[in-house]
Amino acid sequence: MRAIYKKELRSCFTNMTGAVAVAVMLLVFGLMFRYYNLYNGVLTFHYAVSNSALVFYIAVPVLTMRTFADEKRLKTDQLLFSAPVTLRSVVLGKYLALVTVFAVPVAVMSLYPLIMRALGEETLLWDYTCILAFFLMGCAYLSVGMFISSCTESAVIAAMLSVVFIFATQMLSSVFTMISASALTALLFLIILAAFAALIVYLMTKYAVLGIAAFAVLACVCAAAYFLRPDWFSGRTESVLRVLDFSTHFSDFAGGVFSVPNLLFFVTYMAAGVILTVQSLDRRRWS
Amino acid sequence: MIEVRHLTKRYGDHLAVDDLSFVVEDGTICGFLGPNGAGKSTTMNIMTGCLSPSEGDVLINGHDILDDPEGAKRTIGYLPENPPVYPDMTVYEYLTFVAELKKVPAKEREAQIETVIADLGLDPVCDRLIRNLSKGYRQRTGFAQALIGNPETLILDEPTAGLDPKQIIETRSLIRELGKTHTVILSSHILSEVAEVCSKVLIISEGRLLAADTPENLAKARHRTELVVTAEGAEEDVLRALDPFAGEGRSGILDLTRESEGTIRVRLAQPAGEDIRGQISRALFEAGCPVVELREEKEQLEEIFLELTETGSIKEEV
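Reading guide: rules and limits
Residues numbered from 1 in each chain as written. Chains lettered and ligands numbered in written order. Predicted model: local features only at pLDDT ≥ 70, side-chain atom pairs only at ≥ 80, totals over all residues. Heavy atoms only, no water. Core = buried A, V, L, I, M, F, W, Y, C linked by side-chain atoms within 4.5 Å. Buried < 20%, exposed > 50% of the residue type's maximum accessible area, 1.4 Å probe, protein only. Helix = DSSP H or I, 4+ residues; strand = E, 2+ residues; numbered from the N terminus. Contact = heavy atoms within 4.5 Å. Pairing = 2+ DSSP bridges. Axes fitted to C-alpha atoms, helices over the stretch in contact; angles between N-to-C directions. Buried area = accessible area lost by both parts, 1.4 Å probe. Salt bridge = Lys/Arg side-chain N within 4 Å of Asp/Glu carboxyl O. Polar contact = N/O pair within 3.5 Å; in protein donor to acceptor, adjacent residues only side chain to side chain. Nonpolar A, V, L, I, M, F, W, Y, C, P; charged D, E, K, R; others polar. Parallel < 35°, antiparallel > 145°, perpendicular 65-115°, else oblique. Left-handed = near helix turned anticlockwise from the far one by under 90°. Lys, Arg positive; Asp, Glu negative; His and termini not counted.

Visitor: Please explain the nonpolar core as it appears in this structure.
Guide: Across soluble globular proteins, nonpolar side chains have a tendency to be buried as a group. Among the nonpolar cores identified, the biggest contains 140 residues, and Phe134 of chain A together with Phe97 of chain B are the most heavily contacted of them. The element that contributes the greatest number of residues to this core is helix H9 (residues 124–151) of chain A, accounting for 13 residues. When residues no more than four places from it in sequence are discounted, the contact partners of Phe134 of chain A are Phe29, Val49, Ser52, Ala53, Val55, Phe56, Phe102, Val106, Met109 and Phe250 of chain A. Ranked by size, the runner-up nonpolar core spans 18 residues in total, among them Val229, Ala231, Ile253 and Ile264 of chain B.

This is how it looks when you write it as structure tokens:
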């Protein structure tokens, strides 16, 4: 794991991606700090942190797009697969290297509240809670980005999919008001989800019958539940979509509330990304 | 020792490897021979854990590649078809990374890297980025990577592909040298290479094993040599002189061409284990037909290979 970690860290800075990502992040953090806190005199740091989230659109794809897509393209994955190391340690090594690169600008950002304190501001704990949440959200994105990269051979496609994912998870909270809370909407939504699940089953197994069967079973269960307990369905669309809603989970922190469920939300994404990456690499060997 | 038992690999409906079984004893250089798409690379990828088999087992020096992958991989050095090198690293950085990846103790790392660099003649490019290297040097860097960690077994997928003739000769002698202390499996579609380097040949086609033997035995098993006789004189005279050697109904005469006015070339099957060149020469001379040319043609591994891979079912005979 150490070997992979060191190699990844170095390659991040020899092929510019790491340097670019760090530079962009430092620029945005600095601008936000300057604009909100120094120029407009906002007394807390959370506006600056919340608005810094737009750096993810650049930093995450730049950092993650090549992690596994390039290994596949250059066929260097054969070196990793035939080396006496487990897939898990390969994935963890790479992930920790990404987190380390991301931690550099965040560490610099952590100095800003100290500057504000020197200027007489007293919400240090709140500010650092915000920074922690920001860091965790970034780590969750890196994990998902790495997984996306492991699913494709093209870094460009990986980058685009990461941007789509970030966009969806950041914008979702503003869409909720437009979604009807009616039970019928929820039923339709769940049936669409069932279709997605069935598609995934089909793609994983290549058995069309299995995919259709999975869809039929899931759709029937949903429909049956709808006729038995329609009340259970009202407002379900939103609660299901919540699992993708990064911005709301983050803004609780930004509002100054340290909440363990929100913390676990991001940690779950981090773990899921790593585990899915291992699975996706392993599956490639079996296909 | 490497044991492959009933190995099968399916890609959907396509059978890439079909019930392949063989054993490679310690200290042999084993050549894996087959046309493109025969399943050589797939088999090697399975043996090194890069791919998983649909069925069957691979035992590498006593470790099962699926049950004890780390133990098995520790004893293998693998050079895949495309050298797995990172273009943004220098050769030295790359080899250091591989040494760490293969868990070579820190104390031995430097010495081992130096040895490998010297063995493969990488000194002049040591500090250059791999992206700027020629195909030959990249291939050699990939080869160097396989040697790091002193694995007992080397699995080399077309180790001489992309090299120039001088480098090919050097690489072959390196493989021969390594064969003294390692078990080597190399794949190739260059037959002369296999005949020259390997002490055992496995011929596969369409994922199935067609023959497994030493190159000499393979050649002997087909036991066919031909004589090409060119003599001056009338056709009837030459044929009459050759009659005693031509078998029943002149079935031994495989081919007959008129070279020019009064010169005839005959292709004659020579019985196994006999040398009848002297007798033929005398017989023709006595018949008044001077011999212009007389040469023996041994069947090459090339022809055996073509015959095997085209007919596809010679295993029992060999």
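Visitor: What should I look at first to understand the sheet that holds strand E6 (residues 76–79) of chain B in this one?
Guide: Sheet strands pair via backbone hydrogen bonds, and the direction of the pair is either parallel or antiparallel. Residues and elements named next belong to chain B. Strand order in this open sheet of 6 strands is E6-E7-E8-E3-E9-E10, and the pairing throughout is mixed. Because the sheet does not close on itself, it has two edges, and the strands there are E6 and strand E10 (208–213). Each adjacent strand pair in this sheet contributes to an overall mean axis angle of 15°, direction not counted. Against the sheet, helix H5 (residues 135–147) touches E6 and strand E7 (153–157), its axis set at about 170° to E6. Along the sheet, helix H6 (residues 165–179) contacts strand E3 (29–33), E7 and strand E8 (183–188); its crossing angle with E8, the most-contacted strand, is approximately 150°.

Visitor: What is the right way to read the sheet that holds strand E5 (residues 63–64) of chain B from this model?
Guide: Residues and elements named next belong to chain B. Read from one edge of the open sheet, 4 strands run E2-E1-E4-E5, paired in antiparallel fashion. The open sheet is flanked by strand E2 (14–24) and E5, the only strands paired with a single partner. Pairing between strand E1 (residues 2–11) and strand E4 (residues 55–60): 5 bridges, direction antiparallel. Along E4, the bridge assignment pairs Thr8 with Glu55. Its contacts with the sheet place helix H1 (residues 40–47) against E1, E2 and E4, and it is angled at close to 120° to E1.

Visitor: How should I be thinking about the interface of chain A and chain B in this particular structure?
Guide: A common way to report how large an interface is uses the accessible area buried once the components associate. Contacts between chain A and chain B engage 25 residues on the former and 30 residues on the latter. Of the roughly 2,500 Å² buried at the junction of chain A and chain B (both faces included), carbon and sulfur atoms supply 61%. On the surface where chain A and chain B come into contact, there are 1 salt bridge. Note that Glu100 of chain B and Lys6 of chain A form a salt bridge whose closest N and O atoms lie 3.2 Å from each other. At the junction of chain A with chain B, the criterion picks out 9 residue pairs in polar contact (both at pLDDT 80 or more). Listing elements by their share of the side of chain A that touches chain B, those giving two or more residues are helix H1 (2–14), helix H5 (69–74), helix H6 (77–82) and helix H16 (260–286) of chain A. Here the side of chain A that touches chain B gets 7 residues from one element, more than from any other, and that element is H1 of chain A. For the side of chain A that touches chain B, the residue count by class is 10 nonpolar, 8 polar and 7 charged.

Visitor: What's the story with unusual backbone geometry in this structure? I'm lost.
Guide: Leaving glycine aside, a negative phi is the common case for residues, and trans is the common case for peptide bonds. Residue and element names in this part refer to chain B. Even without a glycine there, the phi angle at Asp19 is positive, about 50°. Counting through the fold element by element, Asp19 comes out in strand E2. Positive phi outside glycine occurs at Glu206, with the angle close to 50°. Of note, Glu206 is situated in the loop between strand E9 (200–205) and E10. Among the residues examined, Glu206 registers a relative accessible area of 62% and is labelled exposed.

Visitor: What am I meant to see in the pairing of E9 of chain B here?
Guide: Successive side chains on a regular strand alternate, one facing one side of the sheet and the next facing the other. Residue and element names in this part refer to chain B. Most of E9 is tucked away, with 6 of its 6 residues classed as buried. By the alternation rule, side chains of E9 split into Lys200, Leu202 and Ile204 and Val201, Ile203 and Ser205, which are all buried. Where E3 lies against E9, 4 bridges are found, and the strand directions are parallel. Each bridged residue has a counterpart across the sheet, and for Phe32 the counterpart in E9 is Leu202. Hairpin connection between E9 and E10: a loop of 2 residues separates the two successive antiparallel strands, and Glu206 in this loop has a positive phi of roughly 50°.

Visitor: What is the right way to look at the packing of helix H7 (residues 87–109) of chain A against H16 of chain A in this model?
Guide: To describe two helices that pack against each other, one gives the angle between their axes and the distance between the axes. All names here are of chain A. In the contact formed by H7 and H16, the axes pass within 9 Å of each other and the chain directions differ by 130°. Between H7 and H16, the angle is such that the two are oblique. The two elements H7 and H16 cross, and the hand of that crossing is right-handed. Residue-level contacts link Leu87, Arg88, Val91, Leu92 and Tyr95 of H7 to Met270, Val274, Thr277, Val278, Leu281 and Asp282 of H16.

Visitor: Explanation requested: the pattern of salt bridges in the structure shown.
Guide: Where charged atoms from two side chains of opposite charge come close, those side chains can pair. Residues and elements named next belong to chain A. Taken as a whole, this structure holds 22 salt bridges over all chains when the rule is applied. One salt bridge in this structure joins Glu8 and Lys7, with 2.9 Å as the shortest N-O distance. With respect to burial, Glu8 and Lys7 carry one shared label: buried. Taking the shortest distance from any N to any O, the salt bridge between Asp70 and Arg66 comes out at 2.9 Å. Taking the relative accessible area as the measure of exposure, Asp70 reaches 8% and is therefore buried. Judged by relative accessible area, Arg66 falls into the partly exposed class, the value being 29%. Shared partners join several salt bridges into a network, and the residues in it are Lys7, Glu8, Glu71 and Lys94.

Visitor: Which parts of the structure should I look at to understand the packing of helix H4 (residues 56–64) of chain A against helix H10 (residues 155–175) of chain A?
Guide: Residues and elements named next belong to chain A. Closest axis-to-axis distance for the H4/H10 pair is 9 Å, and the angle between their directions is 145°. Like other packed secondary-structure pairs, H4 and H10 cross with a definite hand, here right-handed. Side by side, H4 and H10 meet where Phe56, Tyr57, Val60, Pro61 and Thr64 of the first sit next to Ala159, Ser162, Val163, Ile166, Phe167, Gln170 and Met171 of the second. Looking at side-chain class alone, the contact of H4 with H10 contains 9 nonpolar, 3 polar and no charged residues.

Visitor: What am I meant to see in the side chain of Lys102 of chain B here?
Guide: Note on placement: Lys102 of chain B falls in the loop between helix H3 (91–101) and helix H4 (106–119). An unpaired buried charge is present at Lys102 of chain B: no salt bridge exists, and Glu152 of chain B, the closest side chain of opposite charge, is 13 Å distant. Engagement of the side chain of Lys102 of chain B in a polar contact is seen with the backbone oxygen of Gln145 of chain B, the distance being 3.0 Å. Setting aside anything within four residues of it in sequence, one finds Lys102 of chain B in contact with Pro84 of chain A together with Ile76, Gly77, Gln145, Ala146 and Ile148 of chain B.

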